[in-house]
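Tertiary structure, described
Chain by chain, the residues run as shown.
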Amino acid sequence: MNASGFDLDAQLRRYPWVSRALNAEAVYGTVLTAGLISAFSLYNPGLPVLIARTVGTVLVFWGAHVYAEIVGNREMSWRAAVGEALQRSAGLLWALIVPVACLAAAAVFGLSMDTAINISLWGAVITLAILGWWAARQRRATLLAKLGTAAGTAGMGVALIALKALVH
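Below: a short report on this structure. (Residues numbered from 1 in each chain as written. Predicted model: local features only at pLDDT ≥ 70, side-chain atom pairs only at ≥ 80, totals over all residues. Heavy atoms only, no water.)

**So, the pattern of salt bridges**
Here is the rule: A side-chain nitrogen of Lys or Arg and a carboxyl oxygen of Asp or Glu constitute a salt bridge if their distance falls within 4 Å. Going along the chain from the N terminus, every DSSP run of H or I of four or more residues is numbered as a helix, and every run of E of two or more is numbered as a strand. Exposure categories follow from relative accessible area, calculated using a 1.4 Å probe and restricted to protein chains: below 20% of the type maximum is buried, above 50% is exposed, and the middle band is partly exposed.
For the structure shown, the criterion picks out 2 salt bridges. A salt bridge links glutamate 25 to arginine 88; its shortest N-O distance comes to 3.3 Å. One end of the pair, glutamate 25, is in helix H3 (residues 24-41); the other, arginine 88, is in helix H5 (residues 78-94), and 63 residues separate them in sequence. Of the residues examined, arginine 88 reaches a relative accessible area of 34% and is grouped as partly exposed. Measuring nitrogen to oxygen at the nearest pair gives 3.2 Å for the salt bridge that ties arginine 88 to glutamate 69. Of this pair, arginine 88 sits in helix H5 while glutamate 69 sits in helix H4 (residues 47-72); the two residues are 19 residues apart in sequence, bridging distant segments of the chain. Through salt bridges that share partners, Glu25, Glu69 and Arg88 make up one connected network.

Following this line, the structure appears as structure tokens:
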């Protein structure tokens, strides 16, 4: 328990699926989602269509990932392999939440397409930083290592923003 009385580790033991969903697939899914938003935005389809295309494409990637995990896991029964694949791949779906919620909120507030996309991409950068921090935290890394890992992971999102700026 820390000085504030909030024990993150105890809370995560109550909800272990949260910790298990913050995995490599969550990083991959966040980069994928941000990349799709950036690429699809080139066609200026409007926010509802952009959201639908992004979610639909990530769902296809998630399905392919689940299937590949099941097929590749020959050491478990089918039932166990399906459960394992769904668990490991959940991060791909969780990764949709922040960028798509940013797009949806921007649509609700009547923000421009460019503003919505920028908010969404920076939301992905923040998500990536948190995922990087979390990965280092789970390894009981030093503060410097946590900051470096968070910055490195967030850098993938910043790279997507830079690529978007170059293409637009």
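**Overview of the nonpolar core**
Using the following cut-off: Residues belong to one nonpolar core when they are buried, are Ala, Val, Leu, Ile, Met, Phe, Trp, Tyr or Cys, and are joined through side-chain atoms within 4.5 Å. In what follows, residue pairs with any heavy atoms lying within 4.5 Å of each other are defined as contacts.
Counting residues in each nonpolar core, the largest one holds 22 residues, and the members touching the most others are Ile37, Leu47, Leu50, Leu103, Ile117 and Leu121. Listed by contribution, the elements that provide at least two residues to this core are H3, H4, helix H6 (97-108), helix H7 (113-138) and helix H8 (143-167). Among the elements that make up this core, the one with the highest residue count is H7 (6 residues). Here isoleucine 37 is in contact with Leu50, Thr54, Pro99, Leu103, Ile117, Ser120 and Leu121, once residues within four sequence places are set aside.

**Here's the deal with the environment of alanine 105**
Structurally, alanine 105 is set in helix H6. Sequence spacing of alanine 105 and alanine 116 is 11 residues, and the spatial spacing of their C-alpha atoms is 8.2 Å.

**Concerning H3**
Each full turn of the α-helix corresponds to 3.6 residues, which orients residues three or four apart in the same direction. In plain terms, the rule: Here, expected helix span is obtained from the residue count minus one, scaled by 1.5 Å.
Helix length check: H3 (18 residues) gives 26 Å between terminal C-alpha atoms against 26 Å at 1.5 Å per residue, within 8%. The set of residues buried in H3 consists of Glu25, Ala26, Gly29, Thr30, Leu32, Thr33, Ala34, Leu36, Ile37, Ser38, Phe40 and Ser41.

**Details of H6**
End to end, H6 covers 16 Å across 12 residues, agreeing with the expected 16 Å (1.5 Å per residue, within 8%). If you follow the buried residues of H6, they end up packed against H3, H4 and H7. In the segment just after H6, glycine 110 is the residue with positive phi, at about 70°.

**Side note on unusual backbone geometry**
Despite not being glycine, asparagine 44 shows a phi value in the positive range, around 45°. Among the structural elements, asparagine 44 can be located in the loop between H3 and H4. One non-glycine residue, arginine 140, adopts positive backbone phi at about 55°. Inspection of the secondary structure assignment puts arginine 140 in the loop between H7 and H8.

**Some thoughts on the side chain of asparagine 73**
To keep things clear, this is the line we draw: Throughout this description, a polar contact denotes any pair of N or O atoms lying within 3.5 Å of each other; where both atoms belong to protein, one of them has to be capable of donating a hydrogen while the other can accept it, and for residues adjacent in sequence the pair is counted only when both atoms sit in side chains.
Residue placement: asparagine 73 occurs in the loop between H4 and H5. A polar contact of 3.4 Å, which involves the side chain of asparagine 73, links it to the backbone nitrogen of glutamate 75.

**A short note on the packing of H3 against H7**
Each pair of packed helices gets described by two things: the angle between the helix axes and the distance between those axes. To be explicit about the condition: All axes are obtained by fitting lines to C-alpha atoms, using only the stretch in contact for helices, and the reported angles, taken between N-to-C directions, cover 0 to 180 degrees. Between 65 and 115 degrees an angle is taken as roughly perpendicular, under 35 as roughly parallel, over 145 as roughly antiparallel, and anywhere else as oblique. Two helices that cross are described as forming a left-handed crossing if the nearer one is turned anticlockwise from the farther one by less than a right angle, and a right-handed crossing if clockwise. Asp, Glu, Lys and Arg are counted as charged, while Ala, Val, Leu, Ile, Met, Phe, Trp, Tyr, Cys and Pro are counted as nonpolar; the rest, among them Gly, fall into the polar class.
Running from N to C, H3 and H7 point in directions that differ by 165°, and their axes come no closer than 10 Å. When the interaxial angle is binned, H3 and H7 end up roughly antiparallel. In this structure, the crossing between H3 and H7 has a hand that is left-handed. Contacts between H3 and H7 involve Ala26, Val27, Thr30, Val31, Ala34, Ile37 and Ser41 on the former and, on the latter, Ile117, Ser120, Leu121, Ala124, Thr127, Leu128 and Leu131. For the contact of H3 with H7, the residue count by class is 10 nonpolar, 4 polar and no charged.

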